[in-house]
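So the chains spell out like this:
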Amino acid sequence: MIPVGKLMIIGGAVNKGSFAETEYDQNIEKNLNFFERGILRKIINESRLKEDSVIEIITTASQIPQIVGPEYKKAFEFLGSKTVNVLDIQNREQANSDAIVARANAADVVIFTGGDQLRLTSILGGTRFHEAILLKYQEQDFIYAGTSAGAAAASENMIYQGSSHEALLKGEIKTTQGLGFMENVIIDTHFVQRGRIGRLFQAVVNNPRTLGIGLGEDTGLFIYGDKMTAIGSGLVILVDGRFIKDTNLTNIELGDPISIDNLIVHVMSVNDHYNLKTKELTIENSQYNPIPQDI
């Protein structure tokens with residue numbers, strides 16, 4: 001069943017404009033320009049009630065929730081959102097409480113901040129809060145947004161550990177179960193800046209049915225139905241393993257380099273879209289589209 005809700009997964013370092021800047025007022029034009037065109041504006045525009053939507057900022061993954069939560073709250077309020085709350089769930093008992101579940105049920109948008117995705121899944125996985133937002137995503141006009149750890153945890157399986165420079169050595173990445181908003185994909189974040197393409201290659205060769213998604217910073221995907229659309233200022237990398245012809249994966253020891261033949265890689269930028277059903281990428285600003293009429 002195709003979910004009724006929408007996903008926004010973001011690679012991290014969302015340029016939301018910093019209200020902690022000492023020269024914020026002097027840079028207001030630059031920040032306003034981003035606010036109007038950027039990812040947070042997209043979240044508001046796609047939400048059920050726009051500026052009247054109830055937004056819950058989930059800071060569970062962060063080690064500095066007292067800083068991260070208010071920063072996002074100020075940014076959304078600056079864009080006109082009227083009901084923005086910070087929900088700092090620190091243990092499973094809280095996540096199973098009637099009060100937290102009621103806030104989940106009342107929300108139109110939940111946005112998960114960055115931090116440690118394993119902390120996020122170990123605290124929230126399988127709780128009443130988790131089940132409530134999963135059900136809302138399946139059945140209602142509801143948005144799950146996640147940046148960095150919040151994005152990595154959105155899929156059924158997630159990467160939670162693994163160095164970048166050693167990621168194509170067998171066994172160098174660790175995966176576990178995520179929050180389950182997307183099936184048959186695996187997501188990595190801060191992708192371009194931290195050179196994590198090898199991590200995604202290994203995750204895909206381990207099970208070529210899985211589509212690898214690498215999100216650059218201040219870049220993400222808006223996912224609605226079968227369609228993924230690139231948003232933000234950078235690049236999204238897709239790794240498709242369905243046509244792998246050969247690999248040495250099962251014949252080498254742990255720590256040995258992995259060989260892969262015929263791994264397909266796509267690169268997306270803003271407004272490009274990918275159909276999850278047909279597995280086709282459409283480049284919005286293609287040099288071949290439209291074809292000149294006089295040819």
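Analysis parameters
Residues numbered from 1 in each chain as written. Predicted model: local features only at pLDDT ≥ 70, side-chain atom pairs only at ≥ 80, totals over all residues. Heavy atoms only, no water. Buried < 20%, exposed > 50% of the residue type's maximum accessible area, 1.4 Å probe, protein only. Helix = DSSP H or I, 4+ residues; strand = E, 2+ residues; numbered from the N terminus. Pairing = 2+ DSSP bridges. 1 Å grid on protein atoms, 1.4 Å probe; cavity = no way out; pocket = protein on both sides within 12 Å on 5 of 7 lines; lining within 4 Å. Points joined across faces, edges and corners; volume = space filled by probe spheres on them. Axes fitted to C-alpha atoms, helices over the stretch in contact; angles between N-to-C directions.

**Things to note about the pairing of strand E12 (residues 236-240)**
Okay, so step 1: Within E12, 5 of the 5 residues are buried, which leaves it mostly tucked inside the rest of the structure.
Okay, so step 2: Side chains Val236, Leu238 and Asp240 of E12 all project onto a buried face; the interleaved residues Ile237 and Val239 project onto the opposite face, where all are buried too.
Okay, so step 3: Sheet topology places strand E9 (residues 211-215) next to E12; 5 bridges connect them, and they run antiparallel. Across the sheet, residue Leu211 finds its bridge partner in E12, namely Asp240.
Okay, so step 4: When E12 meets strand E15 (residues 264-268), the two strands line up antiparallel, connected through 5 bridges.

**What about the layout of surface pockets?**
Okay, so step 1: Of the voids in this model, the largest pocket is the one considered here, and its volume is about 600 Å³.
Okay, so step 2: Around the largest pocket, the lining is made up of 22 residues, and of these Met1, Pro3, Phe181, Met182 and Glu183 lie nearest the centre.
Okay, so step 3: When residues of the lining of the largest pocket are traced back to their parent elements, those giving at least two are helix H7 (128-139) and strand E10 (219-224).

**Some details on the sheet that holds strand E2 (residues 54-58)**
Okay, so step 1: One open sheet accounts for 9 strands, arranged E3-E2-E4-E5-E1-E10-E11-E16-E17; its pairing is mixed. Each edge of the open sheet is held by one strand with a lone partner, namely strand E3 (83-87) and strand E17 (280-282). Recorded for the sheet is a direction-independent mean angle of 20° between the axes of neighbouring strands.
Okay, so step 2: Pairing between strand E1 (residues 6-10) and strand E5 (residues 143-147): 5 bridges, direction parallel. Pairing of Lys6 across the sheet is with Ile143, part of E5.

Functional significance is not addressed by these values, which are geometric in nature.
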